Structures are given as structure tokens and as C-alpha cells.
Amino acid sequence: VLKHQPEVIKKLRDYSAKIPQLIDYGMIDGKDYLLMDKIKGRSIVDDWMKFNSTQKDGFIKQIVEQLKIFHSIKFDKYLIDRSKMATFDNFKDALVSFNDFSQIDKNKLSDEYREDVEVLENFFKNNINAFNEKNTAVFVHSDIHFGNIFYEGDKITGIIDFDWSCQAPKDY
């Protein structure tokens with residue numbers, strides 16, 4: 001999950017996204033590593049419930065601005081599973097490749113879980129055509145939550161954790 005991050009981080013920094021500065025990256029003993037600046041402030045999740053409505057609105061507006069930056073980075077292809085590095089012209093095809101229900105041995109599941117998996121599988125099959133789209137791939141964080149957002153005072157200071165970032169429609 002670290003191999004793609006230097007490229008992503010450099011591109012986001014070029015767009016002035018509030019993310020940590022990449023200091024160094026590479027491989028040590030066959031393991032990828034990233035060395036990044038520490039972001040000032042603290043995780044917004046720690047204090048969210050203490051903020052008043054005006055403060056919350058201010059943070060949400062800043063997060064939206066960061067997401068606009070992320071989503072302004074466009075791609076010609078969809079890529080949602082970086083472990084395979086397979087790209088697709090159509091988002092539907094990317095999702096089909098990523099969601100392979102045939103890999104689940106339903107015989108090993110309890111009746112309750114088998115029924116749940118079958119409901120999910122049928123829903124996926126019946127609705128996959130809703131994702132038949134092209135040319136909407138943008139940079140998507142895929143793990144944006146308050147634990148990955150830092151602040152100091154009334155300002156967002158940074159967003160971290162690009163392990164699951166992908167090239168997908170912005171609403172992915």
C-alpha cells in the first residue's frame with residue numbers, strides 16, 4: 001500500500017493539498033517505507049463533540065475544499081485495487097474485478113451469513129449496471145474520516161492515510 005503513495009503525495013502537494021511533506025521513501029530489507037513530516041495539531045476526532053456548530057461548519061467547509069483539490073486530479077482510467085494495478089476504461093468493469101463473489105465458499109458459512117452473502121451478491125448483480133460510466137475517474141482518498149484529519153485552532157492542518165486511495169468517480 002505504500003508503493004503508490006510517493007507519486008500521490010507529490011501530485012497532491014503540487015495542487016496545494018494540506019498533506020504532510022514527503023521527506024524520503026524507498027525500501028529497506030525488502031519493505032517499503034515513507035518518511036513524512038509530522039502534521040501540526042491533533043486529530044479532529046478527539047475534539048469533534050466539543051466543537052460548537054459554527055466551528056463544525058468551518059471545519060466541514062475546509063474538508064470540502066480539500067476534497068475538491070483531491071477530486072480535481074483526473075485520470076483516464078479507473079484503478080480501485082492497487083494490489084493488482086489493473087486499470088479499466090469503465091467503472092463497472094473495475095468494480096466487477098474487485099468484487100468477486102465466486103471466491104467465497106458459501107458452504108463454510110452459517111445459514112445466516114450465507115443468506116447475507118447471497119443478498120449482497122444478488123444486489124450487486126442487479127445493480128452493477130448503475131456504475132456503467134466512463135471518464136469520471138479522479139483521485140479519491142477512500143478513507144476520509146475525522147481520525148485522518150488534523151487541526152490546530154480553527155484550521156485544518158493536514159489529512160493523512162492514503163493507503164486506500166484510488167482512481168474512481170468522486171462519489172466512490
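It should be emphasised that the depicted structure is a prediction, and the values quoted were computed from it without experimental measurement.

### Some thoughts on helix α1 (residues 5–14)
At step 1: For α1, the set of buried residues is Gln 5, Pro 6, Val 8, Ile 9 and Leu 12. Along the axis of α1, the buried residues cluster in a sector spanning 160°; they form a single face. The outward face of α1, more than 90 degrees from its buried face, is lined by the exposed residues Glu 7 and Asp 14.
At step 2: As for α1, its buried residues are in contact with β1 (22–28), β2 (31–36), α2 (53–71) and β4 (138–140).
At step 3: Just downstream of α1 lies Ser 16, where phi reads positive at about 65°.

### Topic: the environment of Asp 93
At step 1: With respect to the helices and strands, Asp 93 occurs in helix α3 (residues 91–98).
At step 2: Judged by relative accessible area, which is 39%, Asp 93 ranks as partly exposed.
At step 3: Note: C-alpha distance between Asp 93 and Ala 130 (37 residues apart in sequence) is 12 Å.

### Topic: the sheet that holds strand β3 (residues 42–43)
At step 1: The sheet built from three strands is open, its strands ordered β3-β5-β6 with antiparallel pairing. Two strands in the sheet have a free side with no partner beyond their single neighbour: β3 and β6 (155–159).
At step 2: Where strand β5 (residues 149–152) and β6 come together, four bridges link them in antiparallel fashion. Of the residues in β6, the one forming a bridge with Ile 149 is Ile 159.
At step 3: Strands in contact with α2 are β5 and β6; relative to β6, the strand with the most contacts, it is inclined by about 40°.

Reading guide: rules and limits
Residues numbered from 1 in each chain as written. Predicted model: local features only at pLDDT ≥ 70, side-chain atom pairs only at ≥ 80, totals over all residues. Heavy atoms only, no water. Buried < 20%, exposed > 50% of the residue type's maximum accessible area, 1.4 Å probe, protein only. Helix = DSSP H or I, 4+ residues; strand = E, 2+ residues; numbered from the N terminus. Arc of directions from axis to C-beta. Contact = heavy atoms within 4.5 Å. Pairing = 2+ DSSP bridges. Axes fitted to C-alpha atoms, helices over the stretch in contact; angles between N-to-C directions.

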